[in-house]
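Topology and contacts: notes
Letter by letter, the chains look like this.
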Amino acid sequence: MSSTLILTASDRIARSLREDLNLAERAAGRDVWETPQVRSLRQWIAEIWADSWPGEQLLNSTQMQALWLAVVERDRRGVLSASACAREAREAERLAQEYAIAVDDAPAYSDEQRAWQSWRRRVAANMREHRWLSVEHLPAIVAQGLRNGTITPPLAVELFACELTTPAEHAVLDALSGVTQVIAHAGATTTPNSLRAWRCADDAAQLRLVAATIRQRLAAHADHASVPPRIVVAMPDADAKRALLEDALIEFVAPALRTPIAGGNPARAPWRWDAARKLSDSPWAAGLSALIAIDAIDNPPERAAQLLLGTWFAHVESHAAAAAIDRKLRESGALRISLSKIAELAPVLLQARLGALAQIVSDAPRRALPSAWSAHFSARCEAAGWPSVDAPTSSVFQTVQELRRALTMLAALDAQTGAIDIGRARMWLNELFKRRFEPRADHAQPVQLLDAEDAIGMSCDLLIVIDADTGAFPGAAQATPFLPIELQRAAGVPQASPLSWLAHRRRQLAALLSNARETIVIAPRHDARGGELLASPLFDVNWEEAPALSIASRAETLATTGPHARLPASDPVPPVQASEQITGSTRLFEQYAQAPFFAFCTVRLGIEPLPAIGLGLPAAVQGKLVHEALADFWRGVDTRSNLQTLGEDGRTARIREVLEPLLRKYLPVGDFGRMLVSLEAARLSDVLTAWLRLEAARTDDFLVLEHEHKFKSVLAGLPMSLRIDRIDRAVDEAADRLTLIDYKTGGYIDANGWREEHLNAPQLPLYAVLLDPQYGGEIADIAFGHVADGAPELLRWRAWSTQPRMRNAPASGGNFASQIQAWRAALEAMARGFLEGRADIDPAQALRLRNAPLLVLAGLLDADDETAATNDADLAG
Amino acid sequence: MSDPQSAFAAEPADAEVRLAALDLRRHIIAVAPAGSGKTGLLVQRMLAALATVDTPEQVVAMTFTNKAAAEIRNRVLGVLQRAAAGTPASDAHDARSLAFAQIVLQRDAAREASQRWSLTANPGRLRATTIDGLQAHIAAELPLLSGLGGRPRVVEDAGLLYEDAVLALFAEIEDTQAPQDLREAAAAWLRAYGNRADRLIAPFADLLARREQWQHTLAADFDWQAHERQVLEAIHVAAQEHFSDQFNASEQATLLAIVRAASSVEASLAPFASMQHWPRTGAENAAAFAALTWPLLTKNDPITLRKTSGLRAPSFAKGAEHTKLLRPLLAARVDDEALENAARALRELPPAQVPGELIELREALRILLLRLLGHLRAVMGERGETDFVGIAEAARAALRPREDREYRNDFGSDADDEFNEDSGSGFGYGDALLRRDAQLRHLLVDEMQDTSESQLALLRNLTLGWSAGDGRSLFLVGDPQQSIYAFRKAEVRLFQQLLQERRLGELPLNVLRLSANFRSEPAVVDWFNAAFERIFPDFDDALSGAVAYSPSIAARTAAADETQPAAVRVHVWNKDCAADEARGAARLAAAYAAAGGSVAILVRARSHVRATLAELRALGVRAACQDVDPLVELPAVRDVLALARALWHPEDRLAWAVLLRAPFVGLSWADLLRLSIDRRRLTWPERLMAADLSALSEEGCARVKTLLDLLAAINADHARASLPERVEILWTALGGPACVDATSLGDVRRTFGLLREHATQGLADARRFERAVAELYAAAGEGAVQVMTIHKAKGLEFDHVVMVGAGRAARAEDRPLLHLTETPHGPLLVPKPPRHWPQDAPHTLAALQLYNFAHGLHARVRSSEGLRLLYVAATRARRTLDICFCADIEEKTGARKPKSNSFAEALLKGIDRATMIATDGESPSEDSTMNAAGSPPRAPRLPIDLVLPDEDESAYPIYLPQLQRSLRPSEAVLSAADDKRADSDIYAQLVGTLFHQALEKISRDGIERWHAGASTRASALAAGFRRLSLPEPQVENAVARVLELVDRTLASATGRWILGPHVWARSEYALAGYRDGRWISALLDRCFETGEGELWIVDYKTSAQPIAVDAIERYIAQSAETYRPQLMLYSELLKSQRPGKTVVAALYFPEGDRLLRYEN
């Protein structure tokens, strides 16, 4: 056994030192040697305690959180977040243990302190009862064990960069030095022989500087003739900086990471984040989370989409099939989606998996122990085929393993939580997904990125400290509110006062800077919102303007010389070919009237926006119900006199009769909810009753000839397929006159769209022009039937009466026959334009078409924001 | 920003006021117009306060943005540093500041070294903070009293939290267990809005955002109807009093006579035929007052004062008595705006009685709101997030005096007794308040006009119990003329109320008014005074948010610069010459920029500046746009987002189409058509896969192939499966960077950042993503001309200001489903009458009248704020101000007639029209990017033959990391291929682990000690398994299995031999080495040297379950084969480590007590 154990301040220092010692062995010419015994102090304390095979169980942080949460929740103080409260309370306990604060006899001056003491007593009693320990308790136990000889010390101990230990750890070292030889080393190497401090404009400039510097330093080793330098980038908050720094690093240092590599052989990044990501940030966690979240019966559409489109269906074919299901669900407008419905919609490719999943999910118990939930969730994964990767890379494999491990850890919560419902089980699993995890890489990572506090003691060739402003160095500290401040100060908790915090930060910085051969400190001048930042005076250097970058990334080079994209001289749209098999509809003309481009995109290219996920009853379904209910109603009623004979009660009964099957068809209770469906049934009944009352009160007698009448025709060579909501015959007129009615169920109607020069509402003109002349009768009346909440209205234009409300008189001067001719001419021109490949859009006109989704394809903006500032984010400075 | 006072040697005209503002014995509210150096004054007072306190934390300065807070802190620090360095003062103001700083430094030097403030090293001790920041700090200090529990993330855009709460409410009503009254209330509101829950989300979410305004009305004992009656009565009385004040007694008598006389011709006046006395104020006399307005006002829109020329029969027959009486009255009041407004206000008054139907609807709303608050809290708790209102509430709750707090906790009633025993009783100040009170000696608030009601409440709480002469002080400074954040609940009436009442809570306030303007040159200040005196209303009005103007005195002397004399110019173009206006404004800005000095183009709305930006570009002038271009509107960003949506959802046909048209893919319309023939119903990926590429154009074919190849590669790359990664890789590989310029590249980078933040798990939560996207704006970049909205310009100053689009009307106010209107008498919550109510029913009409009143009030408040916005814009100018607008020309008069509700309309009231510079329109310029009329839209695309350069490695080659094992020693990296246990269960792994640990312990401590500890062994093993997270139901079996295996081992002579003492022995022996160009690490279960000098390596092999006897041999044979390479490697390592020995490698199987020795 190696005679000397080396203890370090952190695991990462231990890892780094192990690596150095191994390299030294190799450099000394050996090819095999005993692995150096290097441990972090914390790890060693846990190991030496476990070596004694204690009967107590050491709880992990999630188990401890469960204990604290239970007592906080039992307190029922109704705080916004009991979890956060429990976390902070537990943190106070950790602090008390680490700083050996005698909390049992501590005074409690505030509600917080009184409550905390009470919680702590309960947690402690619970832990005693079950013989549980937390990691904070171990230093005291080990120190005691070393003193009384129940723990055997190593033969010799070297301490490496352990000068910033907590009092509890210090007590262990004290005890250790009483029983064995202890040698302390302050740190790895040397006082920095170069320390430069740079100021740059902002964060973006800072990060580019870092990335370019790293690329420059590594460049000398690109030929692999020598070992690259170890570079540490230390920052106040690695989590906050990760995305942007990684972006800059990829752009400058490892652009290959932005190159697709067939076969999935990953490119290699020469850096490693020692502040690992949360497990939940992995895309594989997304799929797993979606599986865990899904409910048998009642899923909001977003949840269904997450399940369907999450990466658990990682194959292209499955992805496409799942997307098709999602689209169908969106089109149905369903607000609540059952898993069995998803399975029903699935193609064969996915049916088995979704069916099996639906079965397992529906078998979920109401309450169960976490271990049972763990088994249940695992069964879901198995049924769904998660993670659905055939040949995972190492990093994917490690991530998936770690996610599985989280499921296992859920199972270890039985004793702390007891039986819980599925919501709680999900909560705990999500808590476990918050654990940090970074897959190990199989290649060199000479650059380490981490929190400044964690970088203390790390030896390196180049240390880069970023965000070195006063906000971070010294920054501000907040003492825990659960312990009296006086006790914290007396115990030496740095956060307990500004003075002790400043001293603490100075010590930390001194330690941080002492282990690098070369140091660069960078501080931006302004924050993201333009606020001025002061360079930290703690570095005690002369700040200089950062040097100009001597390199640009490929993206920057391209962008600087670009844009290289050019506008083509023209981009013509060919005329419609027979092979396109285009059939015209009212929609084509509606869109063409707005802009020929819209009709081209929709009809010829089949471009439509993805339906938005529904948040309420879909207006289209409401409209469809009205249309079909009226069609059904008139079957068997036919005439106004029949309608009148039916009477109010008869009409109400008939409405109920026609609505019932339609509601079942279009608004299944399972998809929309029982209450909403019944409310809509009542509303529809009201709307239809009011409408039919209006119809009954009409002075003109009519016969309903057709409802939802479909017919085909040809307009200027364009085959047409049309459907008229309703055709009436005026029975009390001398001539055989027809009325064409288009039901409108929206908010507002007018007749301006009937003007041939702006045929924005071409439906009725189309019908009037194209209805088969053989149909019989003269078309002499068109009408919008406004069947909606509020005042029902029949807005009509009859050959024998005044014009409807219009802004201007139509060109025809009000003569109906000539109006039809005018419509025909206008419609034929539109049809010809469409067939000839017209696809223009007037930008000025487009401004009036706000939020038309297709505008984006024409490169036009779809919103005209008139409000300078409408929310706080606009104003925050 | 530099201290505006520093440039002035002479004391300003209001020097005495400024001195008084430094008197720490007095609580002060200072009114400080634009350019008066209010922040400088606040900084000086902060220094004065610091000179008197024991710790710097006892002085707290508050403002509204982090940037402004940083500025205050840095300015204080700057003065302290200059004082320490002995820098001489530049003027009297500076000298005062330095003097205070010297006192601060001297007092600090007198302290013990360990107690010194170290402000230079620790400037964070200077407590300059935002109000939100202070509230968050208080709440974090008091997690229980505040009700937060911990430190939730404070989100700036809490819209999603509100929406989720509303959705949770609508989901809840489907639960049959939900309270009946809740279901009925929801039913009423759903019915009112066509059962469209989606239409209720926005108004309900808006109410949640403004909950501080109404939540007190939800208390069980709050009588909403009585409150409403009171508010309506107060509104009536105020309007009636104001109307009455317009007339002297004689005029009142005349008006009464007119009404009496006219009652014979006007039916509506009939009830007042005998009205002899001026009616008493009160809602019950609303009809009488309305009758009094009849003779004065025209009947139809626009309702104005009648003109004598308009008095015609039949209502005003020539000889009629009332006509005769009215003529002189009207003649004397021509253009009397005050009378017109007062009379019109009576016409627009709401009904005194709210119809029962509306009350029912609102009662339903009350029930829903109560529940919504619960859902919001649940959503916030679940997410660990809150909003600024939540933080403010929390801080207020924490600081609430104790007796109040006892009522607060409606959650703790059934808490355990143990928890309640110490919860405190009695009355008085809460501990938290006392603690805060002890810490806080001097409180300073900048931009006081921007405080909301809840922030005022916080200030009241913080200063509760302060008494005269106790050494504490409050300093509030603001400018009601710059109150432009009503939408953020900062209503100007709050500031006006403080000025009027001269107290905050119980604290008396001394009002000081600054008047010196250090910012603008005299000519500019004179223009402000002349124009805004007329533009602003004559009097303050709390109801409509009107503020009267306070003139300034120029403290700056005119600069001698003949080329750019200080001036204000108003430029006008014809109505349809917006392009000329844009061009003119751009030229002005360009000229100023060329001559030097700072230049800003200010606009009311972002859209107003687009054309001007294009003109600036055409002139070659770079503009720094501050939050002007929404990122989502930039083509490069739009394409990236389309790419993300397309990859996420193969069925998103629009996103795919945008992608295919993006410059880095670049398909023509014709090729898109060819892909679509016969396949229009397929998704685009299906069309691409199924396409006959030969049918495409040659170029299209190449483009599609490139795309398909890259899509295939990205789909095969499972290591980079997150959507943001895939998007970025594809964009880069397709040549995205070549399609942007340097500025757009920054915007695209930010978009990728956004994707990483919000879309790592995909885009299923589209609402969250879309919201985040909408909040982003293009980076400001650098430029000679700054372009921003007026809101963004607040607090800034420029040498030259050009206002563009002043002729454009403010956006028409939407008619929301609900109006929550703040009045000086309390809030009014008025729903829009539902559409399904009968239109002519009295209750509908009354409800509509009430709603219209609320809406009108809202519009007036916005309109008043619009004037202040104009003031803020204009007063940013130091030397020149150019205001540009387009306006119609009235045919009759030839006068300019700008759009109503535009800046120009207001402006024309304040300036001499003759001074306006009218410019004729020019012929419109051709925009090269515009598409030819009648042609389909074109989109730029990368040339097909463009060869994109590779990474330039000439300066610094790119270092590609080698595989670690050939470079450095490393820890094992697992992969599916080489981890044998990957798919085995955790149970088997842990049984093996604990067995190994047991054997290591036995080998170390000896077999005897193992047996001696038998009684505790099982519990220790169980604890070990639990520590390693073995599920509880498996622990017992696992313990038994390990003990069984250990027992078998110890029962075996072989086992005992392995574990027993040897000449040399190690357990769990770690070796490292370097062989065949690779680093190796090995952990040997057991190795020892026998007396014969043989070195043994033994690897233990266990199984989680007992193995059937007849299967053992097969199991051993398989294991032997599997582990042979590993054991051979170990052998070689040990051989090198202890050279000269014979090494024997073996596997030990306790299950069958077999030691399988490998033969070399």
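Residues numbered from 1 in each chain as written. Chains lettered and ligands numbered in written order. Predicted model: local features only at pLDDT ≥ 70, side-chain atom pairs only at ≥ 80, totals over all residues. Heavy atoms only, no water.

Considerations on the overall build of chain A
The test is simple: Helix numbering and strand numbering both begin at the N terminus, where a helix is a DSSP run of H or I of at least 4 residues and a strand a DSSP run of E of at least 2. Only C-alpha atoms enter the radius of gyration, while the globule expectation follows 2.2 Å times N to the 0.38, with N the number of residues. Think of it in three bands: with a 1.4 Å probe and only protein chains considered, a residue is buried below 20% of the maximum accessible area for its type, exposed above 50%, and partly exposed in between. Any pair of residues with heavy atoms lying within 4.5 Å of one another is described as a contacting pair. Here the open area of atoms and residues is found with the Shrake-Rupley method and a 1.4 Å probe, where only the protein chains shown may cover a residue. Here Asp and Glu are counted as negative and Lys and Arg as positive; His is not counted, and neither are the chain ends. Where a charge sits is defined by one atom per residue type, namely NZ (Lys), CZ (Arg), CG (Asp) or CD (Glu).
Looking only at helices and strands, chain A features 32 helices and 23 strands. Taken over the C-alpha trace, chain A has a radius of gyration of 37 Å; the compact-globule value for 877 residues is 29 Å, which it surpasses by more than 25%. Seen through its principal axes, chain A has C-alpha atoms that stretch 120 × 65 × 50 Å. For chain A, the proportion of its 877 residues judged to be buried stands at 57%. For chain A, contacts bridging at least 24 residues in sequence account for 74% of all contacts bridging at least 6. Summed over all atoms, the accessible surface of chain A reaches about 33700 Å², with 51% contributed by carbon and sulfur. Side-chain charges of chain A comprise 91 positive and 108 negative groups, with the mean position of each set lying 2 Å from the other.

Looking at the sheet that holds strand β19 (residues 702–715) of chain A
Residue and element names in this part refer to chain A. To keep things clear, this is the line we draw: Whether two strands pair comes down to DSSP finding at least two bridges between them. Angles run from 0 to 180 degrees between N-to-C directions of axes, and those axes are lines fitted to C-alpha atoms, restricted for helices to the stretch in contact.
A sheet is described by the order of its strands in space; here five strands give the open sequence β19-β20-β21-β22-β23, paired in mixed fashion. Of all strands in the sheet, those with a lone pairing partner are β19 and β23 (793–798), marking the two edges. Across this sheet, the average inter-strand angle for adjacent strands is 35°, counted without regard to direction. The pairing of strand β22 (residues 778–786) with β23 spans six bridges and is classified as antiparallel. Each bridged residue has a counterpart across the sheet, and for F784 the counterpart in β23 is L795.

So, the pattern of salt bridges
Any two side chains of opposite charge can pair if their charged atoms end up close together. Residues and elements named next belong to chain A. Selection criterion: A side-chain nitrogen of Lys or Arg and a carboxyl oxygen of Asp or Glu constitute a salt bridge if their distance falls within 4 Å.
This structure, assessed with the given rule, holds 131 salt bridges over all chains. Between E56 and R131 there is a salt bridge, with its nearest N and O atoms 3.6 Å apart. Of this pair, E56 sits in the loop between α2 (41–50) and β4 (57–58) while R131 sits in the loop between α5 (111–130) and β5 (132–133), and the two are 75 residues apart along the sequence. Relative accessible area serves as the criterion here: at 24%, E56 is assigned to the partly exposed category.

Points about a negative patch on the surface
Which entries qualify depends on this criterion: Two distance rules govern patches: like charges are joined within 9 Å, and nonpolar side chains (Val, Leu, Ile, Met, Phe, Trp, Tyr) within 5 Å, applied only to residues with over 30% relative accessible area and no salt bridge.
Residues D335, E337, E533 and D538 of chain B make up a contiguous surface patch of negative charge. Here E337 of chain B lies in helix α13 (residues 337–347).

Overview of the confidence of the model for chain B
As a reminder of what qualifies: Along the chain, pLDDT gives the predictor's confidence residue by residue, from 0 to 100.
This prediction gives chain B a mean pLDDT of 88; 92% of its residues lie at or above 70. Between residues 404–428 of chain B, whose pLDDT stays under 50, and residues either more than four places distant or in other chains, the model counts 46 contacts.

Concerning the environment of L487 of chain A
Residue and element names in this part refer to chain A. In this fold, L487 is placed in helix α20 (residues 485–491). Among the residues examined, L487 registers a relative accessible area of 23% and is labelled partly exposed. With 384 residues separating them along the chain, L487 and V103 place their C-alpha atoms 8.7 Å apart.

Remarks on the interface of chain A and chain B
Using the following cut-off: The buried area of a pairing is the accessible area, by a 1.4 Å probe, that goes missing from both parts when the two are put together, added over both. Polar contacts, as used here, are pairs of N or O atoms within 3.5 Å; protein pairs need one atom able to donate a hydrogen and one able to accept it. Residues neighboring in sequence count only if both atoms are side-chain atoms. Three classes are used, and their members are as follows: Ala, Val, Leu, Ile, Met, Phe, Trp, Tyr, Cys and Pro are nonpolar, Asp, Glu, Lys and Arg are charged, and the others, Gly among them, are polar.
With 224 residues of chain A at the contact, the number on the chain B side is 209 residues. Around 18800 Å² of area is buried between chain A and chain B when both sides are counted, 57% of it from carbon and sulfur atoms. Here chain A and chain B share eleven salt bridges between them. For E302 of chain A, the salt bridge is made with R767 of chain B, and the minimal N-O distance between the two is 3.7 Å. Linking chain A with chain B are 56 residue pairs in polar contact (both at pLDDT 80 or more). Top contributing element to the side of chain A that touches chain B by residue count: helix α16 (residues 394–411) of chain A, with nine residues. Of the residues in the side of chain A that touches chain B, the class split is 110 nonpolar, 57 polar and 57 charged. Pairing analysis gives three bridges linking strand β2 (residues 32–34) of chain A to strand β23 (residues 1064–1075) of chain B, with the strands arranged antiparallel. Among the inter-strand pairings, V32 of chain A is bridged to a residue of β23 of chain B, identified as G1073 of chain B.

Description of the side chain of T463 of chain B
Residues and elements named next belong to chain B. Following the sequence through the fold, T463 ends up in the loop between α19 (453–462) and β7 (473–478). In this structure T463 comes out as buried when scored by relative accessible area, which is 4%. Setting aside residues no more than four positions away along its own chain, T463 makes contact with L443, L474, L504 and L507.

Some thoughts on the pairing of strand β9 (residues 231–235) of chain A
Remark: a regular strand shows side chains that alternate across the two faces of the sheet. Residue and element names in this part refer to chain A. By the criterion of burial, β9 is predominantly enclosed, with five of the five residues buried. Side chains of β9 alternate between two faces, with I231, V233 and M235 and V232 and A234 buried alike. Relative to strand β16 (residues 460–465), β9 is paired through four bridges, and the arrangement is parallel. What sits directly across from V232, in β16, is L463.

Section: the packing of helix α24 (residues 596–604) of chain A against helix α26 (residues 669–676) of chain B
How we decide: If an angle is under 35 degrees, it is roughly parallel; if it is over 145, roughly antiparallel; if it lies from 65 to 115, roughly perpendicular; otherwise it is oblique.
At a closest axis distance of 11 Å, the pairing of α24 of chain A and α26 of chain B adopts a crossing angle of 30°. The orientation of α24 of chain A with respect to α26 of chain B, classified from their angle, is roughly parallel. Contact with α24 of chain A, carried on its side by F597, F600 and R604 of chain A, involves W669, L673 and S676 of chain B of α26 of chain B and no other residues of that element. Taken together, the residues of the contact of α24 of chain A with α26 of chain B break down into four nonpolar, one polar and one charged.

A closer look at the domain arrangement of chain B
Accessible area lost on assembly of the parts is the figure often given for the size of an interface. Quick reminder of the rule: Where each domain starts and ends comes from a domain assignment, either automatic or drawn from a database.
If you check the domain split of chain B, you get domain 1 (27–66 + 129–155 + 387–518), domain 2 (247–335), domain 3 (566–628 + 785–919), domain 4 (631–774) and domain 5 (986–1157). Relative to domain 4 of chain B, the C-alpha centre of domain 3 of chain B lies at a distance of 39 Å.

Focus on empty space enclosed by the protein
Residues and elements named next belong to chain A. Heads up, the rule is: As defined here, a cavity is a set of points on a 1 Å grid over the protein atoms alone where a 1.4 Å probe fits but cannot get out. A pocket is an open set with protein on both sides within 12 Å along at least five of seven lines, and residues line them when an atom is within 4 Å of a point. Grid points are joined across faces, edges and corners, and a volume is the space filled by probe spheres set on the points.
Taken as a whole and judged by the stated rule, the model has ten cavities of 30 Å³ or more. Here the largest cavity is characterised by a volume of approximately 140 Å³. What lines the largest cavity is R42, I45, A46, R94, E98, V135, E136, L138, P139, T166, A168 and E169. Breaking the lining of the largest cavity down by element, the ones donating at least two residues are α2, α4 (82–98), α6 (138–148) and α7 (167–179). Partitioned by chemical class, the residues of the lining of the largest cavity number six nonpolar, one polar and five charged.

Some points on the pairing of strand β26 (residues 1142–1149) of chain B
All names here are of chain B. This is how it is decided: With strands facing away from the observer, any crossover in which the path from the first strand over the helix to the second runs clockwise is taken as right-handed.
The buried count for β26 comes to seven of eight residues, which makes it a mostly enclosed element. As paired strands, strand β25 (residues 1094–1100) and β26 are joined by seven bridges and run parallel to one another. By the bridge assignment for β26, E1094 is matched with T1142. Note on the crossover from β25 through helix α40 (residues 1109–1137) to β26: the handedness is right-handed. Strand direction decides the pairing type here: β26 and strand β27 (residues 1154–1157), joined by four bridges, are antiparallel. When the sheet's bridge partners are listed, Y1148 is paired in β27 with L1155.

Thoughts on the confidence of the model for chain A
Looking at chain A as a whole, its pLDDT mean stands at 89, while 93% of the residues score no less than 70. Taken as a whole, residues 862–877 of chain A scores under 50 in pLDDT and shows 59 contacts with residues more than four places along the chain or in a different chain.

Things to note about the environment of L1021 of chain B
By secondary structure assignment, the location of L1021 of chain B is in helix α37 (residues 1014–1027). Counting along the chain gives 21 residues from L1021 of chain B to V1042 of chain B, while the straight-line C-alpha distance between them is 8.4 Å.

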